[in-house]
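For reference, the chains in residue letters:
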Number of protein chains: 4
Amino acid sequence: MPQPERRYVITFGCPDRTGIVARISSFLAEHGGLIVEAAYHTDQATNWFFTRQEVRADSLPFGVEELRERFTAIARELGAQANWRVTDTGERRRVVILVSKEGHCLYDLLGRVASRELDVDVAAVIGNHPDLANITRAHGIPFHHVPFPATDPEGKTAAFAQVKQLVDAHDPHAVVLARFMQVLPPELCAAWSGRALNIHHSFLPSFVGARPYHQARARGVKLVGATCHYVTADLDAGPIVEQDVIRVNHTDSVADMVRKGRDIEKVVLARGLRWHLEDRVLVHGGQTVIF
Amino acid sequence: MPQPERRYVITFGCPDRTGIVARISSFLAEHGGLIVEAAYHTDQATNWFFTRQEVRADSLPFGVEELRERFTAIARELGAQANWRVTDTGERRRVVILVSKEGHCLYDLLGRVASRELDVDVAAVIGNHPDLANITRAHGIPFHHVPFPATDPEGKTAAFAQVKQLVDAHDPHAVVLARFMQVLPPELCAAWSGRALNIHHSFLPSFVGARPYHQARARGVKLVGATCHYVTADLDAGPIVEQDVIRVNHTDSVADMVRKGRDIEKVVLARGLRWHLEDRVLVHGGQTVIF
Amino acid sequence: MPQPERRYVITFGCPDRTGIVARISSFLAEHGGLIVEAAYHTDQATNWFFTRQEVRADSLPFGVEELRERFTAIARELGAQANWRVTDTGERRRVVILVSKEGHCLYDLLGRVASRELDVDVAAVIGNHPDLANITRAHGIPFHHVPFPATDPEGKTAAFAQVKQLVDAHDPHAVVLARFMQVLPPELCAAWSGRALNIHHSFLPSFVGARPYHQARARGVKLVGATCHYVTADLDAGPIVEQDVIRVNHTDSVADMVRKGRDIEKVVLARGLRWHLEDRVLVHGGQTVIF
Amino acid sequence: MPQPERRYVITFGCPDRTGIVARISSFLAEHGGLIVEAAYHTDQATNWFFTRQEVRADSLPFGVEELRERFTAIARELGAQANWRVTDTGERRRVVILVSKEGHCLYDLLGRVASRELDVDVAAVIGNHPDLANITRAHGIPFHHVPFPATDPEGKTAAFAQVKQLVDAHDPHAVVLARFMQVLPPELCAAWSGRALNIHHSFLPSFVGARPYHQARARGVKLVGATCHYVTADLDAGPIVEQDVIRVNHTDSVADMVRKGRDIEKVVLARGLRWHLEDRVLVHGGQTVIF
């Protein structure tokens, strides 16, 4: 895949009013900024304005630091408070992946990285089981095995502390729970807020909690799905980034549903992760705007 | 559309064991019965066998009554009890449709009937509001307005009694709740058991109850759906016949979701009704087998 | 459906360069224009910039005529030439529908209009067969029967002249070929350029020409589709507005494919028509940008 | 995934007539054969009957060889000629995969095999480029690099001869062209007839030949797809096993279409291969029946 030229990405949210687009685009035009991609949205219910802009880095006479600094004044003027970011596609994205025993999502992500479709650094894979160590290392990526005790709460706390340390050492842009099967404690949800992506194996809010395919089979639904969402302290209730479904029927056993559902889990997680890393996801009041 | 030749349809369920297919197919072959379509399924979890067979009427030396009678012995032998039916595609299907104010499902069904895609008799349309009377009558179909009081429970009981009388006068093969917006009382659920089809405007079990599109918008889901199910005394919990979904995003207001969802409601209801009228739906333990 | 407040819609295309967004948005902001919806796109291959903006009518101190006049200068400045429009959602859209014998698309459109989901005036329906006259008139819409001779070329020319006269009398925003089954002569394609929408019953460019479902059955495809496109003198080759598909399998006869395909034809045409009437479709070099 | 118990699979085609189902099922019942899954289909156009039956191996008093021998008489009696097979799920399926430089399909298949979702032996991977050697070997699978000259026809013939030898050494149940990018010569098409599966990166018959995503972009289609088909001497015209599509729009460059299309290529190939290896695909007159 040819690499697109370097760009600065501005994402921004503020109360809606007349002249926001003009203010931002005039600022960019003034400095010769060539907008390569731009998207706007106003949420009528909350009167909140959102935008995302991609500007060619070489069209501006200054770097990302100065762009960020100059943009601070505009953000303040428009009342954006903390709801904005300026990022640089020239900074390589770092990802840490948490796994358990089931490898389909990990295999899929590693394949995408190896074929450079997903052009990121997988800094580390951490598993509470060792099963996926070999394939990870075959891709030249470090694998850390952090065993989790089944019941002992203190042991679990210690294990999570170790996971946190291993993750935070890389300061990753995304922490991916690729069928991790452990519920993150509130302090990790807080620490990785807006960066931790989970793949849930149901079309939420259907079948929250454990064994969703068993629940789906029992209810006799005609489609099963998967949901990629940000992890919050509220289990399976974080802002939804992407969802999709696949058709099932009466001939499908739970095992068949599991198999068919995996194909959906993989693409839903891969899409959600890509959009997150490209700064396309803006969270607002428990919902997401995907630009 | 060319009319297919007349057929007898056998649907059948019994505990699984060796030789069921042989028993049924040998019986048919013995009398020269030409099987035009056949489907089998065994539910491993409950060890239950299901089949549906379409036989060309003119290949058998007797009529549907005698086929039914002769088949009774086989059904008894195989332990099918009440779980079987023999129907005749030569008997025209009668349908009664219950509506309220929203016409999209009714318009859709009437269009399908008018273009003979759905080759059935709509015996009557009954509305708790008069809004859809004109279009119904323009199709040459009787419309009955049965007003429902908003709160008075006795008035509601009386209204339902009148609806029941109007419906039962036609002894319909299907009672279609095409966005009827009134919860059927248990006695009507019982009376029309296995014949009353509802269209629910969500991908059940997500968003049971009222205003599902509002619920969907609040949760920020990326797909909305619709569910066609048999009506049971358990609200929105009857056996699911068909479901489908359509993609929505952050730009869609509740009104947009309602509009997009309608396209799904229409096709899901139309498919479910067709399958029901063609005796393709077998109910077993709260789930459906669709042949 | 609640009616959204009146808006002016600007659609615009010009060679890409720095400052276009700033120029347009500053002009609007200067006059207090509140942008309700905005979309931008740059086609990298041809370096062409596209935008669509919805502005609240009551936020501007002048009407659509003056907005159009004032915008002329900007369009000239940016080199847009004829590639721009300013329209007013307060002007009710007029549609003329051309049909033959098959009614499914017409029934669907009339149902959408009757339920005000598609809030337009169907000024007239014109059929080369009289079959759909009754249902059209039941909706209170004039129906004109213009017979087309099967072979006589002069008679055909005369028939098309009559159709043109009937259509042009309404100066419609859209001429919808809802399974019209007659190939428009080049002079009508030219006269209605950018306003005539056809629904083709295949996933173009597969199966151009006649009897696409027969072609699909013969090739053994696993999905059939439909395509809504602008009519051009090049048969089935006009710019594509919308497409969709539905799954078929070996059990589906041509008649089954026809039936399943109709559900796709209906939604694809309805979506394409809605986008066209909302000025969401910009044509550029044989392709469409859908905002 | 739990391994299902061993089964014998009968696939069968013959001219349709009364009593075929009875003949086969009576034969099985006579020997105590428990049918676990059964499917029937009659193609009305050609009056051809198809069936596929899965019988529990432990329910029969003899092995697969004797079943095959005994079934020969029935097949002869019913005029099936060469159109039938009896296979044993206890015999592990062997697959050889041919690749070039693009790894997404290979990564996907290896991931499915590694997670035992696709429980087969990949006997070898053969590439005309060495790029995918490492990942193949990391999975413990032999990789053979057979360079293909760009133009020299004799060198190409020799390369194909080497590929044939390497493939045939394993007598594989399937030869998978996982984006192999070389057109098989007629003699290999013949030698691997009914066993060689290709994944084509378009929704055939749209965009046959080279660079289908470029063709799709130029035509402005709103969906791109992929097709898994048996390889025949007629390029891109073999019997279609599976197809699917994904939505694209004006913002998608050719590179974006390539990326989105890959997700479809992977699942379409994986589904097609699974069905082939489970003896679910019956070819008849250039089309497939998928049971």
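Residues numbered from 1 in each chain as written. Chains lettered and ligands numbered in written order. Predicted model: local features only at pLDDT ≥ 70, side-chain atom pairs only at ≥ 80, totals over all residues. Heavy atoms only, no water.

Visitor: Would you take a moment to explain the sheet that holds strand β10 (residues 223–230) of chain A for this structure?
Guide: In a beta sheet, neighbouring strands pair by backbone hydrogen bonds and run either parallel or antiparallel. Residue and element names in this part refer to chain A. Pairing is mixed across the open sheet formed by seven strands, whose spatial order is β7-β6-β5-β8-β9-β10-β11. Each end of this open sheet is capped by a strand with a single partner; those strands are β7 (143–145) and β11 (240–247). Averaged over neighbouring strand pairs, the angle between their axes works out to 15° when direction is ignored. Pairing of strand β6 (residues 121–127) with β7 involves three bridges; the strand directions are parallel. Opposite I126, over in β7, you have H144 as the bridge partner. (Pairing = 2+ DSSP bridges. Helix = DSSP H or I, 4+ residues; strand = E, 2+ residues; numbered from the N terminus. Axes fitted to C-alpha atoms, helices over the stretch in contact; angles between N-to-C directions.)

Visitor: Looking at this model, I keep getting lost on the relation of the copies chain C and chain A. Mind explaining?
Guide: Think of it as a corkscrew move, a rotation about one axis and a shift along it, taking one chain copy to the other. The operation relating chain C to chain A is a screw motion whose rotation component is 180°, with 0.0 Å of axial translation and a residual RMSD of 0.0 Å. The operation mapping one copy onto its partner corresponds to a two-fold rotation axis. An overlap of 100% is found between the interface residues of chain C and their copies at the interface of chain A, pointing to a shared contact surface. (Least-squares fit on C-alpha atoms with pLDDT ≥ 70 in both. Contact = heavy atoms within 4.5 Å.)

Visitor: It is not clear to me how the interface of chain C and chain A should be interpreted in this structure. Could you clarify?
Guide: You'll often see interface size given as the accessible area lost when the parts meet. If you look at the interface, chain C gives 19 residues, while chain A gives 19 residues. For the pairing of chain C and chain A, the buried interface totals around 1300 Å² over both sides, and the portion due to carbon and sulfur atoms is 58%. Viewed at the interface, chain A and chain C are joined by zero salt bridges. The tally of links between chain C and chain A comes to two residue pairs in polar contact (both at pLDDT 80 or more). Among the secondary structure elements, those contributing two or more residues to the side of chain C that touches chain A are α1 (20–30) and β2 (35–43) of chain C. (Buried area = accessible area lost by both parts, 1.4 Å probe. Salt bridge = Lys/Arg side-chain N within 4 Å of Asp/Glu carboxyl O. Polar contact = N/O pair within 3.5 Å; in protein donor to acceptor, adjacent residues only side chain to side chain.)

Visitor: Teacher, can you tell me more about the side chain of R274 of chain C here?
Guide: Mapping R274 of chain C onto the fold places it in helix α8 (residues 254–277). By relative accessible area, which is 13% here, R274 of chain C ends up buried. (Buried < 20%, exposed > 50% of the residue type's maximum accessible area, 1.4 Å probe, protein only.)

Visitor: Can you walk me through the environment of A216 of chain A in this structure?
Guide: Residues and elements named next belong to chain A. Secondary-structure assignment places A216 in helix α7 (residues 212–219). For A216, a relative accessible area of 2% puts it in the buried group. Separated by ten residues in the primary sequence, A216 and S206 place their C-alpha atoms 8.5 Å from one another. Not counting residues up to four positions away in its chain, the partners in contact with A216 are F207, V221, V224 and M257.

Visitor: In this structure, what is going on with the interface of chain B and chain A? I would like to understand it.
Guide: Facing the 33 residues of chain B at the interface are 33 residues of chain A. Of the roughly 2700 Å² buried between chain B and chain A, counting both surfaces, carbon and sulfur atoms make up 50%. Three residues stand out in chain B for area buried against chain A, namely R219, K222 and H250 of chain B, and they jointly supply 26% of the buried area on that side. The interface formed by chain B and chain A holds six salt bridges in total.

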